[in-house]
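So you can see what is in the structure, the chains are spelled out below.
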Amino acid sequence: MTPLQVDIVMVAGAASADISSTKYALRNCISCYEGNPFMQDDKMLILSKTAATVLVVTGCNKLRKNGHTRAAKVLRYMAVGVWLSVSANNFKQGIRKWNFLLLYIMVILVIL
């Protein structure tokens, strides 16, 4: 794979993980909400993530063409790291509901 293809796969994968984990958390967590009013609409969420992905990949490509391969890797890893850490937090918030459900079931079983 070329470095450009690696950038596209990694950055787009991290952005899509962020989108899917956000939707997962909003669907499964009663008290969770999207704090950014700009991102509350699905179309705007996808459009902004797509634009950010294009900007990061374009920036990495331009840095690499100008001989700054290390800076291109740093930019790529920073974007991927931020989106994957946000994604992990979103999944944690979405799973939290199931922990309460299991606790509730255990309490009912102990009472019975």
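1. Considering the overall build of the chain
(1) Moving on: Counting secondary structure elements, the chain contains three helices and zero strands.
(2) Moving on: For the chain, the sequential pattern of α-helices and β-strands runs α-α-α.
(3) Moving on: Buried residues in the chain amount to 28% of all 112 residues.
(4) Moving on: Nonlocal contacts in the chain, meaning residues at least 24 apart in sequence, comprise 70% of its contacts between residues at least 6 apart.

2. Notes on the packing of aromatic side chains
(1) Moving on: Tallied over the full model, the rule gives one aromatic pair.
(2) Moving on: Pairing Tyr-24 with Phe-91 gives two aromatic rings, centres 5.3 Å apart and planes at 50 degrees, and the pair type is tilted. Pair noted here: Tyr-24 is in helix H1 (residues 3-28) and Phe-91 is in helix H3 (residues 69-111), with a separation of 67 residues, a long-range link.
(3) Moving on: Look at Phe-91 and you get partly exposed, because its relative accessible area is 33%.
(4) Moving on: Its end group placed over the ring of Tyr-77, Arg-76 keeps NZ or CZ at 4.8 Å from the ring centre.

3. Some words on the pattern of salt bridges
(1) Moving on: The tally for this structure, following the rule as stated, stands at four salt bridges.
(2) Moving on: The salt bridge partner of Arg-64 is Asp-7, with a shortest N-O separation of 2.8 Å. You can see Arg-64 sitting in helix H2 (residues 42-65) and its partner Asp-7 sitting in helix H1, a full 57 residues away along the chain.
(3) Moving on: Take Arg-64: its relative accessible area is 18%, and that puts it in the buried class.
(4) Moving on: The salt bridge involving Asp-7 is made with Arg-76; its shortest N-O contact spans 2.7 Å. With Asp-7 in helix H1 and Arg-76 in helix H3, the pair connects residues that are 69 residues apart, well separated along the chain.

4. Let's talk about the state of the cysteines
(1) Moving on: For the structure on display, the rule yields one disulfide.
(2) Moving on: Covalent S-S linkage joins Cys-29 and Cys-32, the inter-sulfur distance amounting to 2.3 Å. Since a negative S-S torsion denotes a left-handed disulfide, the Cys-29-Cys-32 link at about 70 degrees is right-handed. Exposure class is identical for Cys-29 and Cys-32. Each is buried.

5. Some details on the nonpolar core
(1) Moving on: Val-11, Ala-14, Ala-15, Val-56, Val-57, Cys-60, Ala-72, Ala-79, Val-80 and Trp-83 form the largest nonpolar core, which has 10 residues in total.
(2) Moving on: For this core, the secondary structure elements donating two or more residues are H1, H2 and H3.
(3) Moving on: No other element matches H3, which puts four residues into this core.
(4) Moving on: Beyond its immediate chain neighbours, meaning those up to four positions away, Cys-60 contacts Asp-7, Ala-72, Leu-75 and Arg-76.

6. Describing the confidence of the model for the chain
(1) Moving on: In this model, the chain carries a mean pLDDT of 87, and residues with pLDDT of at least 70 account for 85%.
(2) Moving on: H3 is the least confidently modelled element of the chain, averaging 80 in pLDDT, while H2 averages 95, the highest of any element.

7. Considering the side chain of Lys-49
(1) Moving on: Tracing the chain through its elements places Lys-49 in helix H2.
(2) Moving on: In this view, Lys-49 contacts Asp-18, Ile-19 and Trp-83; residues no more than four positions away in its chain are not counted.

Procedures and definitions
- Residues numbered from 1 in each chain as written.
- Predicted model: local features only at pLDDT ≥ 70, side-chain atom pairs only at ≥ 80, totals over all residues.
- Heavy atoms only, no water.
- Helix = DSSP H or I, 4+ residues; strand = E, 2+ residues; numbered from the N terminus.
- Buried < 20%, exposed > 50% of the residue type's maximum accessible area, 1.4 Å probe, protein only.
- Contact = heavy atoms within 4.5 Å.
- Phe/Tyr/Trp six-rings, centres within 6.5 Å; stacked < 30°, edge-to-face > 60°.
- Lys NZ or Arg CZ within 6 Å of the ring centre and 35° of its normal.
- Salt bridge = Lys/Arg side-chain N within 4 Å of Asp/Glu carboxyl O.
- Disulfide = S-S within 2.5 Å.
- Core = buried A, V, L, I, M, F, W, Y, C linked by side-chain atoms within 4.5 Å.
- pLDDT = per-residue confidence, 0-100.

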